[in-house]
Amino acid sequence: MKRMLAILVEDRPGVLTRVSGLFSRRGYNIQNIAVGRTMEPGISRMTVTVEADPLTVEQIVKQLNKLVNVLKVSDMTDEPSVGRELMLVKVKAEPGRRSEIQQMAATFRAKIIDLSPDSMIIEVTGDEQKLQAFLMMMQEFGIKEIASTGKISLLRGSKITRDAKALS
Amino acid sequence: MRLTGAQMVLACLEAENVEVIFGFPGGAVLTLYDEIFKKGIRHILTRHEQGAAHAADGYARASGKPGVVIATSGPGATNLVTGIATAYMDSIPIVAITGQVATPLIGTDAFQEADITGITMPITKHNYLVKDINELPYVLKEAFHVACTGRKGPVLIDLPKDLQVQEGEFAYPAQVEMSTYRPTYEGHTGQITRAANAIKKAKRPLLYTGGGVISSGAHEELLELSRRVSIPVTTTLTGMGGVPCDYDFFLGMPGMHGTYAANNAINESDLLIAVGVRFDDRVTGKLETFAPQAQIIHIDIDPAEIGKNVVAHIPIVGDVRLVLKELLKRLQSAETHDTREWCAKVLEWKTAKPLRYRQEPGSCLKPQFVIEELYRLTRGEAIVTTDVGQHQMWAAQYYRVKRPRALISSGGLGTMGFGFPAAIGAQMAFPEKQVICIAGDGSFQMNSQELATAVCYNIPVKVAIINNQYLGMVRQWQKFFYGGRYAHSSLAGSPDFVKLAEAYGARGFRVTRPEETAAAIDTALNTPGPVVIDFQVDPEENVLPMVAPNTSIVEMIGGE
Ligand SMILES: Cc1ncc(C[n+]2csc(CCOP(=O)(O)OP(=O)(O)O)c2C)c(N)n1
Ligand SMILES: [Mg+2]
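Residues numbered from 1 in each chain as written. Chains lettered and ligands numbered in written order. Predicted model: local features only at pLDDT ≥ 70, side-chain atom pairs only at ≥ 80, totals over all residues. Heavy atoms only, no water.

Trainee: Outline the coordination of the magnesium ion (ligand 2), supporting the account with residue identities and numerical values.
Mentor: Residues and elements named next belong to chain B. For the magnesium ion (ligand 2), the full set of protein donor atoms is Asp441 (OD), Asn468 (OD1) and Tyr470 (O), and the range of their distances to it is 2.0 to 2.1 Å. Read from N- to C-terminus, the donor residues coordinating the magnesium ion (ligand 2) fall into the pattern D-x26-N-x1-Y. Here Tyr470 lies in the loop between strand 17 (462-467) and helix 21 (472-481) and Asp441 lies in helix 19 (residues 441-444), a separation of 29 residues in the sequence. Taking relative accessible area as the criterion, Asp441 reaches 2% and is therefore assigned buried. (Donors = N, O, S within 2.8 Å, 3.2 Å for Na, K, Ca; no water. Helix = DSSP H or I, 4+ residues; strand = E, 2+ residues; numbered from the N terminus. Buried < 20%, exposed > 50% of the residue type's maximum accessible area, 1.4 Å probe, protein only.)

Spelled out as structure tokens, the structure:
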């Protein structure tokens, strides 16, 4: 089962290694990881997707909580949340097919951000399914390269993943 | 106050009341050692950094205080790794301070550079690479705090050479402020009440206790609980001394080399009260067959241990001693269920199927007999350390310790070569006590260089080598599970241990016959300074009972 964890960590050298090392050493498979800032200086947020059964996830959360630099771990899987991934796609674009690509990009609300005589780079955001669908469409033109951020997400509504105890 | 980094370290050691440190110098800790020289703090120079790490560990296990070890960068630091991992697996508080190349050189493959914080990340509770002198006072404080609180464990501080000479403002913090690290000490009251009710209802309760009892100092509460409600107790290797081994309701060790009584009690219990244990595979055997009839109460300070290997029906996260205290308040003997029938049955197993061996007079010396004699002649009062192998299991079976912190052994990692340096550390904690290392002939050779340390500082550790001329435990597995093919488990060609001891300036004795044993032990115990006794025992003796790996613990070879 796929689970999505939000991990708030102190922004210290080596923290990413501590977290990712814990996953690999205990044999948990990370499918996706994204790291970035939060509103608070010195605190980063990691969004990690793992494939694991509920007992394993419980163990992962407990082990993560033992890391001294980890502030809070929340399993967001069962909570209503929105998640997005950003992807850059470089496609072959012969002059004759450009408008076709442009149209398709528009359908996905993707943006063309670079153009060269025989290729273009398209920026697209969305959830996994949307990105998958987009890639499938682009295949027809020939994908040269892709780069993606990994998924980040927030809980819906006014709820936040940080609790008062961790803030103090 | 303005201090250099090296002076800060020494000021911290003083503030933490560290009375002895173990270490080995080198280029990246010269400034630190200069300060050690000036301050005159007690320092034990071992002959190998691994020896220093195990000594710090032995000191910590014997005393309950954190052990401190220092090594230089690169090879000095990597030589600590086995010692740190050993402490980590058994949750022993040590603070390791390593030198590092100067900060501008970090990451350049400089001379004697090793990424020791990277290397020890999975085997420390936490570690620090200090790059700013202003952080050092706080890091030092935090390191001791993290090592000694919650589930204890090793912490490493990597201190670059240039920071040791750099000056900064020093005030040792009175306390730590860690929003990300707050161990839970008090157990959940509702859960404790549930546990008490389960105990009242239980017909066949059993206490299965481990290193957590020793670590939290819960031995009195444990004994009281066992007595008050009449619950038999089995303790793991690292939990030995949690109750006195001569206590009526003590069943011995469970698991692979556990007693018939302990393993059967686990099998038939309807309520297993697991206290400060982690359901290691050496204890449980095949998990699906472990304690099949029991509800499980699991008390541990580390939430991650609960539910890791077995599902606990009543989990309680907290300090074992505090939780047991609360539990006792809820258990008055009058209202508890009568466990007399169960106790009678368990004690019947205990008397009917004790551990046994046969020492024929005038014939080959039996290792178990040697350990029983050691026990008898020290009146069970010695601090015993062990290496790893058959002799370790025999020590746990036959040296029936009466107190916590009296049997010191590498349980989780099973580190050969641990015993002797750990004994040196334990002796440093208790200079007046009798400290005995029960060593294997293979294991002893992994750290025998520390004889120089023992002689140099006149540390009067007595080493009883159970010399079976084999990597005995390996040989036993080869005998039982590999058709008797003894692949590279013979230790033929080992040195003459008596001469080896003498070469270092220690005393050495040899015992080959049962009749000589008592006199030799007596002489050794009354000889000042370090002594090695080479007990040449039956090479083919096996540790029994034995449960084959990943089978049910009631399927005991030699259990009948
Ligand atoms: C450092 C290390 N290497 C290898 C092992 C595997 N091992 C476990 S017991 C054992 C045999 C130990 O021999 P010895 O010290 O003579 O003790 P005995 O079993 O003969 O009593 C070995 C090799 C280990 N535990 N530790
Ligand atoms: Mg041997």
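Trainee: Residue-level account of the interface of chain A and chain B, with values.
Mentor: In many reports, interface size means the accessible area that the parts give up when they come together. Facing the 17 residues of chain A at the interface are 17 residues of chain B. Summing the contributions of chain A and of chain B, the shared interface buries around 1500 Å²; its carbon and sulfur component is 52%. Three residues stand out in chain A for area buried against chain B, namely A:Arg18, A:Lys66 and A:Val68, and they jointly supply 40% of the buried area on that side. A salt bridge links B:Asp302 to A:Lys66; the nearest nitrogen and oxygen atoms lie 2.5 Å apart. Connecting chain A to chain B are 6 residue pairs in polar contact (both at pLDDT 80 or more). Mapped onto the side of chain A that touches chain B, the elements with two or more residues apiece are helix 1 (15-25), helix 2 (54-66), strand 4 (70-75) and helix 5 (164-167) of chain A. For the side of chain A that touches chain B, the leading source of residues is helix 2 of chain A, giving 4 residues. Considering only residue class, the side of chain A that touches chain B consists of 5 nonpolar, 6 polar and 6 charged. (Contact = heavy atoms within 4.5 Å. Buried area = accessible area lost by both parts, 1.4 Å probe. Salt bridge = Lys/Arg side-chain N within 4 Å of Asp/Glu carboxyl O. Polar contact = N/O pair within 3.5 Å; in protein donor to acceptor, adjacent residues only side chain to side chain. Nonpolar A, V, L, I, M, F, W, Y, C, P; charged D, E, K, R; others polar.)

Trainee: Mind laying out the sheet that holds strand 9 (residues 205-209) of chain B, listing which residues take part and the relevant values?
Mentor: Residues and elements named next belong to chain B. The 5 strands lie next to each other as 10-9-11-12-13, forming an open sheet whose pairing is parallel. Because the sheet does not close on itself, it has two edges, and the strands there are strand 10 (233-235) and strand 13 (314-317). In this sheet, neighbouring strand axes are inclined to one another by 15 degrees on average, regardless of whether the strands run parallel or antiparallel. Across 5 bridges, the pairing between strand 11 (residues 271-275) and strand 12 (residues 295-300) is parallel. Each residue of the ladder has a partner; that of Val275, found in strand 12, is Ile299. Contacting strand 11, strand 12 and strand 13, helix 9 (residues 189-201) crosses the sheet at an angle of about 135 degrees to strand 13. (Pairing = 2+ DSSP bridges. Axes fitted to C-alpha atoms, helices over the stretch in contact; angles between N-to-C directions.)

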